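Spelled out, the chains give:
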Amino acid sequence: MDIKKMNQLYEGKAKKVFATSDPSYYIVEYKDDATAFNGVKRGTIAGKGVINNKMSNLMFQLLEKNGVKTHYVEQLSDRETVVKAVKIVPLEIIIRNVAAGSFSKRYGVEEGRQLKNPTLEFSLKDDALNDPLINDSHILALDIVSEPELDAIRKLAYKVNDVLKEFFAGVGVKLIDFKIEAGRLPDGTIILADEISPDTCRFWDAKTNEKLDKDRFRRDLGNVEEAYNEMFRRITNA
Ligand code: TMP
């Protein structure tokens, strides 16, 4: 793809976003930086940027094959990918299949309890406010998205869950929960954006329940790089 990387538009905790010579596209660059608890805990996970870039791209391609529109265009290098230029909807869209993390804490439910049905929750993407939970009524009242857009986001999230849950089951991994983000194309279409990686999903080994995701970093469990490598090995052998 004949596209030039231009000025940096944004630097997040795990990625940088660059403008390109074509206004329809951005280039994202994945870093090894890791943070948790809204940036309070900081560190580096060696090689994470490469794994998250490649894994996200594989997941986006799998989702596209299954009819989900994503921002993925083309991988440029180990850490860089061309994506469609979207405006990110400021919501963290979280699906949970099994209780863990903040859900377990908030509702006093043991981690690992299978939920009767997948749940969907939203947080407002706002670091200064610590990403507070937000409900559908609030989202509409604040005009963050319209009602049809909210419907589209809900459908997108459950579809992503169906596709990913099945895929990961095939490589011996339980998809406990995950966070996705949606973006708006200039014509208003809502598509899947951001990333799908061990930073943004909880993955447990199907047999042992060993954690194979960023919780190893968040909770100082050790073998952080090994977990990312193991996830990458499984999906590329799939
Ligand atoms: P939680 O249980 O801490 O709310 O996390 C739910 C899921 O969302 C989990 O898979 C990790 C992911 N996540 C992010 O991707 N970014 C975040 O900032 C947080 C808090 C969670």
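Residues numbered from 1 in each chain as written. Predicted model: local features only at pLDDT ≥ 70, side-chain atom pairs only at ≥ 80, totals over all residues. Heavy atoms only, no water.

Chemist: Hey, could you go over the packing of helix H1 (residues 48–65) against helix H6 (residues 224–236) for me, with residue numbers and the actual values?
Modeler: For the pair H1 and H6, interaxial distance at closest approach is 10 Å and the crossing angle is 30°. Comparing their axes, H6 and H1 come out roughly parallel. As H1 runs across H6, the sense of the crossing is left-handed. From H1, Lys48, Ile51, Asn52, Lys54, Met55, Leu58 and Met59 reach across to H6, where they touch Tyr228, Asn229, Met231, Phe232, Ile235 and Thr236. The residue inventory of the contact of H1 with H6, partitioned by class, reads 8 nonpolar, 3 polar and 2 charged. (Axes fitted to C-alpha atoms, helices over the stretch in contact; angles between N-to-C directions. Helix = DSSP H or I, 4+ residues; strand = E, 2+ residues; numbered from the N terminus. Parallel < 35°, antiparallel > 145°, perpendicular 65-115°, else oblique. Left-handed = near helix turned anticlockwise from the far one by under 90°. Contact = heavy atoms within 4.5 Å. Nonpolar A, V, L, I, M, F, W, Y, C, P; charged D, E, K, R; others polar.)

Chemist: Quick one: what's the story with the site of the ligand, residue by residue and with numbers?
Modeler: Near the ligand you find 14 residues, and of these Arg96, Ser102, Asp177, Lys179 and Arg202 are the closest. Within the side chain of aspartate 177, a nitrogen or oxygen atom sits 2.6 Å from an oxygen atom of the ligand. At 2.9 Å, a side-chain N or O of arginine 202 approaches an oxygen atom of the ligand. Protein chains shield 76% of the accessible area of the ligand, which is 450 Å² for the free molecule. Among the secondary structure elements, those contributing two or more residues to the shell around the ligand are strand E9 (91–98), helix H2 (101–107), strand E12 (173–184) and strand E14 (201–205). (Near = heavy atom within 4 Å. Polar contact = N/O pair within 3.5 Å; in protein donor to acceptor, adjacent residues only side chain to side chain. Areas by Shrake-Rupley, 256 points an atom, 1.4 Å probe, with all protein chains shown as cover.)

Chemist: Got a sec to walk through the packing of aromatic side chains? Specific residues and values, please.
Modeler: Tallied over the full model, the rule gives 3 aromatic pairs. Between phenylalanine 103 and tyrosine 107, the ring centres sit 4.9 Å apart and the planes meet at 65°, which makes this aromatic pair edge-to-face. Here tyrosine 107 and phenylalanine 103 lie together in helix H2, a separation of 4 residues that amounts to about one turn. Tyrosine 107 sits in the partly exposed class, given a relative accessible area of 49%. Between phenylalanine 168 and phenylalanine 203, the ring centres sit 4.6 Å apart and the planes meet at 45°, which makes this aromatic pair tilted. Here phenylalanine 203 lies in strand E14 and phenylalanine 168 lies in helix H4 (residues 147–169), a separation of 35 residues in the sequence. Exposure remark for phenylalanine 168: the relative accessible area of 0% places this residue in the buried category. Taking relative accessible area as the criterion, phenylalanine 203 reaches 0% and is therefore assigned buried. In this structure an aromatic cluster arises from ring pairing among Phe167, Phe168 and Phe203. (Phe/Tyr/Trp six-rings, centres within 6.5 Å; stacked < 30°, edge-to-face > 60°. Buried < 20%, exposed > 50% of the residue type's maximum accessible area, 1.4 Å probe, protein only.)

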